[in-house]
Amino acid sequence: MLNLIVVKDYDEMSLVSANWLADEINKDPSLVLGLATGGTPEGLYANLIKMYKKGSLDFSSIKTFNLDEYVSLPRENESSYYTYMHNHLFDHVNLNPNNIHLMDGNVTNLTIERQRYDQLILDKGGIDIQLLGVGVNGHIGFNEPDSTLKIDVHVTRLAKETISANARYFNSITEVPKFSLTMGIGSILRAKKIILIADGEHKAKAIKDLFRSEVIDPLKPVTFLRLHPDVTVIIDEKAAKEIEL
Ligand code: F6R
């Protein structure tokens, strides 16, 4: 089931989604949150930090699991998702460091790392709320369009479109890692609730696929969200351009 909320622009998307998430945290202060990176959630995280600083939000019992992390990019690199999360959220709120979970793309044995992460999510009781963005090519997490999609945490080769889109975070496109660890489609669909946010005309096609596709299509990974019973989609008018309301 998709619940759609269309707002004016990026700022309104960031505020409405932050309020939505804050309501959920206030209802259950020990939620397990699945978190995303990228340009889309930066404003949402900034709003959560403001709420925390005003005293209206408490992260002390919240647990977090990130969706993905580049392979072989040192954690201290400013474009790693480890650094992104510390800069945009973790260092500014009262999350307990023991409750923060990220994949480690620098271990020698990625198979053990995948299994560790899958097991850890299970051990913590599963993800209550998963925050998602969407790629221009319809990827969720780094589940890139392909003839089949993986269920659990796995290593993925980033699509050309993703490497181009993420080049803005690196000195040059050649520095963008080619591989990433990511939760699989099953890991995402096992979350009890999902919130997807998107803004801008470049996301309109992926949003159209999400709402209008008549099939579940691994070449449009976002369509798999149609199988989930509780997805809230908060997008701006530009991202909603191709769905008739
Ligand atoms: C990030 C992630 C990706 C992004 C997507 C959109 O953790 O899993 O699926 O959500 O690539 O990225 P932005 O927000 O930069 O457009």
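So, how was this worked out
- Residues numbered from 1 in each chain as written.
- Predicted model: local features only at pLDDT ≥ 70, side-chain atom pairs only at ≥ 80, totals over all residues.
- Heavy atoms only, no water.
- Near = heavy atom within 4 Å.
- Polar contact = N/O pair within 3.5 Å; in protein donor to acceptor, adjacent residues only side chain to side chain.
- Areas by Shrake-Rupley, 256 points an atom, 1.4 Å probe, with all protein chains shown as cover.
- Nonpolar A, V, L, I, M, F, W, Y, C, P; charged D, E, K, R; others polar.
- Pairing = 2+ DSSP bridges.
- Helix = DSSP H or I, 4+ residues; strand = E, 2+ residues; numbered from the N terminus.
- Axes fitted to C-alpha atoms, helices over the stretch in contact; angles between N-to-C directions.
- Expected span 1.5 Å × (residues − 1).
- Contact = heavy atoms within 4.5 Å.

Draft legend 1. Main features of the site of the ligand. Neighbouring the ligand are 14 residues, the closest being Thr-40, Asp-68, His-139, Gly-141 and Lys-203. A distance of 2.8 Å is found between an oxygen atom of the ligand and a backbone nitrogen or oxygen belonging to Gly-39. Here an oxygen atom of the ligand and a side-chain polar atom of Thr-40 are 2.4 Å apart. Isolated, the ligand exposes 410 Å² of accessible area, and the fraction of that covered by the protein chains is 92%. Counted by class, the shell around the ligand contains three nonpolar, eight polar and three charged residues.

Draft legend 2. Region of interest: the sheet that holds strand β8 (residues 179-182). If you trace the three strands from one edge of the open sheet to the other, you get β4-β8-β7, paired in antiparallel fashion. Either end of the sheet is taken by a strand with one partner, and the two such strands are β4 (68-70) and β7 (154-157). Taken pair by pair, the neighbouring strands of this sheet meet at an average axis angle of 30 degrees, ignoring direction.

Draft legend 3. Region of the structure containing unusual backbone geometry. Positive phi, normally seen in glycine, also occurs at Ser-72, with a value near 65 degrees. Note on placement: Ser-72 falls in the loop between β4 and α3 (81-88).

Draft legend 4. Spatial organisation of helix α2 (residues 42-54). A rise of 1.5 Å per residue sets the reference length of α2, with its 13 residues, at 18 Å; its end C-alpha atoms lie 19 Å apart and thus fit the reference within 8%. Tucked into the core, α2 has its buried residues touching α1 (10-27), β2 (32-35), α3, β6 (129-132) and β9 (193-198). Remark: Gly-55 follows α2 within two positions and exhibits a positive phi of approximately 90 degrees.

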